[in-house]
Amino acid sequence: MTTPDTNPILTISGLNKTLGGKPILRDVSFSVQPGELKVLIGPSGGGKSTLLQCLNFLHEPDSGVISLDGEAVDYKSRKTLYAYRQKVGMIFQDYNLFDHLTALENVSLALRKVKKLKRSEAETRARQELDRVGLADKASLYPAELSGGQKQRVSIARALAMDPRVILLDEPTAALDPELIGEVLQVIRSLVQSGMTMIMATHQMGFVRTMADEIIFMQDGCIVEHGKPAELLDEQRGSRTLDFCTHLSEFENGAP
Amino acid sequence: MERTISVLIESFPYLLGGAGLTVAAVVGGMLLGLVIGLPMAVMQVYGPRPMRWFVQFYVWFFRGVPILVLLFLFYFGLFQLLNWNIDALTSATLVLGMASGAYQSQIFRGSIQSLSRGQFRAASALGMTDGQAIAHIILPQALRLSLPGWSNEYSIILKDSALAFVLGATEIMARTQFVATRTYQHLALALAACFIYFLLTWAGVRLLRALERRVSVPGFGQAGAK
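Here's a quick rundown of the structure. Predicted, not measured: the structure shown is a model, and the values here were computed from it.

Moving on to the overall build of chain A. Check the secondary structure of chain A and you find 9 helices and 10 strands. With the principal axes as the frame, chain A shows a C-alpha extent of 55 × 45 × 40 Å. Across the 256 residues that make up chain A, the buried fraction comes to 46%. Put simply, 65% of the contacts in chain A that link residues at least 6 apart link residues at least 24 apart.

The following block contains the structure:
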């Protein structure tokens, strides 16, 4: 879609998913270029979250092909699946930190158990990642002792520690108090600037406007439209995305 | 009165020796129950259907039959039939352990199912296998949450262990009966047995509570706290 001269990192073609007899994803196809930030927007129940979960096979798609670096992922093979998941990080709306582990252990556990690093190496790396998200001084705290924004930053550090090629973010700020959203978006912004490839579901329109390379608008499991923010959010063009975003901001401002 | 006191004083070391056997049976039974119950809980939550059926059948059987009947079934029945020469105390320990495994599996299953799904997903998303997620994320939390139920289970097993008396195991209850039939101090000796059981319950529950505090994680497992 954008910059067709480079090879896409991730290609999704013809993805379908039905849950409980209800089609959630319908023939979803798109590709992601290295360093790109793709943003998924759309009404809830539109399939954004399911799409992201399918992208690292937390949900198995019913049909369709996902390719990483041009190679179709054979997710039925456990070995391929686990290797793929290491390369595709996931950030959840409700953080999903491991409640019995400190911030440092949250970040270092998979380095030790999945990447098989020694404890000391894993912890050194984990400290670097915590430092990167501004939480070097919180390493020994448990999730219950952290604010929502801090928890989400730990979960970002946890994903980054695995050296992912792509990070999927499922409404990373949706569960946060308004005053905590900024610190998480700041971390994501710095990831964009460092060239991380990301697919993110979010309704933070200010962020989307300035940071996204492309918006994908999803409704009823389909990609309704996609394009650069400047195009889709152009008041002259009257896109579905703009329409949705206008309602969104009305809702946020308390108007009917 | 003096006679009662002297009987109690004279027999007390003997009764305490019985307490040693009781503790051995209870600790052995609890540990065997742990070894049986924990994998069963994991199988029941995560296993394929035949495995879940097997666990359900096991739990149904061992929870459905009184301990006393199980003791007869195994000690005088199955072990005899198989020509296994197992002494009464060991038999009682095995039976208590097998029955406790059924109860413990349900304690652990409840704890596992009380955990949010998200953490398992997060572990999977990091490339952990299901086994790794269960071993490093689910069980460390589920076991912590199980400790209150486990201390309950301890106090129940401790008292069930008195039934080993009917097999002729010389634990607390058997020894108080031996002394009582010889000295006719039934009331005093029954009270002595009460006292020892109280003491063992109290000590065990205290110990498990200390363990609970020792492994506690700030803010974890306090979802229902005010």
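Moving on from the model shown.
This part takes up the overall build of chain B. Each helix and strand counted, chain B has 8 helices and 0 strands in total. When its helices and strands are written in sequence order, chain B yields α-α-α-α-α-α-α-α. With the principal axes as the frame, chain B shows a C-alpha extent of 70 × 50 × 25 Å. The buried share of chain B, taken over its 226 residues, is 40%. Nonlocal contacts in chain B, meaning residues at least 24 apart in sequence, comprise 80% of its contacts between residues at least 6 apart.

Moving on, we come to the environment of Asp-163 of chain A. Relative to the assigned elements, Asp-163 of chain A resides in the loop between helix H5 (148-160) and strand S7 (166-170). As for Asp-163 of chain A and Tyr-142 of chain A, which are separated by 21 residues in sequence, their C-alpha atoms are 23 Å apart.

Another point: the interface of chain B and chain A. Between chain B and chain A, the contact holds 20 residues from the first and 20 residues from the second. Elements with a minimum of two residues in the side of chain B that touches chain A: helix H5 (117-125) and helix H6 (130-160) of chain B. Looking at side-chain class alone, the side of chain B that touches chain A contains 9 nonpolar, 9 polar and 2 charged residues.

Right, let's get into helix H2 (residues 49-64) of chain B. Residues and elements named next belong to chain B. In a regular helix each residue adds 1.5 Å, so 16 residues correspond to 22 Å; H2 covers 22 Å between its end C-alpha atoms and thus fits that length. Where H2 is concerned, the buried positions are Val-55, Val-59 and Phe-62. Looking down the long axis of H2, one finds its buried residues gathered within 80° of arc, a one-sided arrangement. Turned more than 90 degrees from where H2 packs its buried face, Arg-49, Pro-50, Trp-53, Phe-57, Trp-60 and Gly-64 sit exposed. Of the surrounding secondary structure, the elements contacted by the buried residues of H2 are helix H1 (2-46) and helix H4 (88-114).

Turning to the packing of H6 of chain B against helix H8 (residues 186-214) of chain B, a few remarks are in order. All names here are of chain B. At their nearest, the axes of H6 and H8 sit 10 Å apart, and the two run at 160° to each other. As judged from the angle between their axes, H6 and H8 are roughly antiparallel. The handedness of the crossing between H6 and H8 comes out as right-handed. Packed against H6, whose contacting residues are Leu-147, Trp-150, Ser-151, Tyr-154, Ser-155, Leu-158 and Lys-159, the element H8 presents Tyr-197, Leu-200, Thr-201, Gly-204, Val-205, Leu-208, Arg-209, Leu-211 and Glu-212 at the interface. Partitioned by chemical class, the residues of the contact of H6 with H8 number 9 nonpolar, 4 polar and 3 charged.

Moving on: the sheet that holds strand S1 (residues 10-19) of chain A. Each strand in a sheet pairs with its neighbour through backbone hydrogen bonds, running either in the same direction (parallel) or in the opposite one (antiparallel). Residues and elements named next belong to chain A. Spatial ordering of the open sheet is given by S2-S1-S4-S5, a layout of 4 strands whose pairing is antiparallel. Strands at the two margins of the open sheet, each flanked by one partner only, are strand S2 (22-32) and strand S5 (71-72). Pairing of S1 with S2 involves 7 bridges; the strand directions are antiparallel. Paired with Thr-18 across the strands is Pro-23, a residue of S2. Sheet strands in contact with helix H1 (residues 48-55) are S1, S2 and strand S4 (63-68), and its direction is about 60° off that of S2.

What follows deals with the nonpolar core. By size, the foremost hydrophobic cluster in this structure holds 135 residues, and its most contacted members are Leu-168 of chain A together with Ala-92 of chain B. No other element matches H1 of chain B, which puts 12 residues into this core.

With that out of the way, let us pick up the packing of helix H3 (residues 103-113) of chain A against H5 of chain A. How two helices sit against one another is set out by the angle between their axes and by the gap between those axes. Residue and element names in this part refer to chain A. The geometry of H3 relative to H5 is characterised by a closest axis approach of 8 Å and an angle of 25° between their N-to-C directions. With respect to H5, the axis of H3 lies roughly parallel. As for how H3 packs across H5, the hand of that crossing is right-handed. Along its contact with H3, which presents Ala-103, Asn-106 and Val-107, the element H5 presents Val-154, Ala-157 and Arg-158. Its residues assigned to classes, the contact of H3 with H5 comprises 4 nonpolar, 1 polar and 1 charged.

So, about the environment of Asp-220 of chain A. As for its position among the elements, Asp-220 of chain A is in the loop between strand S9 (214-219) and strand S10 (222-227). Along the backbone, Asp-220 of chain A and Leu-141 of chain A are 79 residues apart, and their C-alpha atoms lie at a distance of 41 Å.

Another point: the sheet that holds strand S8 (residues 197-201) of chain A. All names here are of chain A. If you trace the 6 strands from one edge of the open sheet to the other, you get S6-S7-S8-S3-S9-S10, paired in mixed fashion. With partners counted over all chains shown, the strands left at the sheet margins are strand S6 (88-91) and S10, one partner each. If you compare each strand with its neighbour and ignore which way they point, the axes differ by 20° on average. Of the strand pairs in this sheet, S6 and S7 are connected by 4 bridges, and their pairing is parallel. Note that in S7 the partner of Ile-91 across the bridge is Leu-169. H5 contacts S6 and S7 of the sheet and is inclined by roughly 170° relative to S6.

Residues and elements named next belong to chain A. The element S8 is extensively covered by neighbouring structure, given that 5 of its 5 residues are classed as buried. The pairing of strand S3 (residues 37-41) with S8 spans 4 bridges and is parallel. Across the sheet, the residue bridging to Lys-38 is Ile-199, located in S8. Of the strand pairs in this sheet, S7 and S8 are connected by 5 bridges, and their pairing is parallel. Across the sheet, residue Asp-170 finds its bridge partner in S8, namely Ala-201. Following the chain from S7 across helix H6 (residues 178-193) to the adjacent parallel S8, one finds a crossover that is right-handed.

How each quantity is defined
- By convention here, each chain's residues receive numbers from 1 onward along its written sequence.
- In the order they appear in the text, chains get letters beginning with A and ligands get numbers beginning with 1.
- In keeping with the model being predicted, local features are shown solely for residues with a pLDDT of at least 70 and side-chain atom pairs are shown and tallied solely at 80 or more, while totals for entire chains, interfaces and linings include all residues.
- Per the convention used, a helix needs a DSSP run of H or I reaching at least four residues, while a strand needs a run of E reaching at least two, with both numbered from the N terminus.
- Here a residue counts as buried when 20 or more other C-beta atoms sit within 10 Å of its C-beta, as exposed when there are 12 or fewer, and as partly exposed otherwise, the C-beta atoms being derived from the backbone.
- By definition, residue pairs are in contact when their C-beta atoms, positioned from the backbone, come within 7 Å.
- All amino acids are sorted into three groups, where Ala, Val, Leu, Ile, Met, Phe, Trp, Tyr, Cys and Pro are nonpolar, Asp, Glu, Lys and Arg are charged, and the leftover types, Gly among them, are polar.
- Here, expected helix span is obtained from the residue count minus one, scaled by 1.5 Å.
- In this context, the arc is that of the directions from the helix axis out to the C-beta atoms.
- Axis lines are fitted through C-alpha atoms, for helices just across the contact stretch, and the angle between N-to-C directions can take any value from 0 to 180 degrees.
- Roughly parallel here means an angle under 35 degrees, roughly antiparallel means over 145, roughly perpendicular means 65 to 115, and every remaining angle is called oblique.
- By definition, any crossing whose near helix is turned counterclockwise from its far helix by less than a right angle is left-handed, and any crossing with a clockwise turn is right-handed.
- Pairing between strands is defined by DSSP: at least two bridges between the two strands are required.
- Think of a nonpolar core as buried Ala, Val, Leu, Ile, Met, Phe, Trp, Tyr and Cys residues chained together by C-beta atoms that fall within 7 Å.
- Here the term right-handed applies to a crossover when the path leading from its first strand over the helix to its second strand runs clockwise, the strands being oriented away from the viewer.

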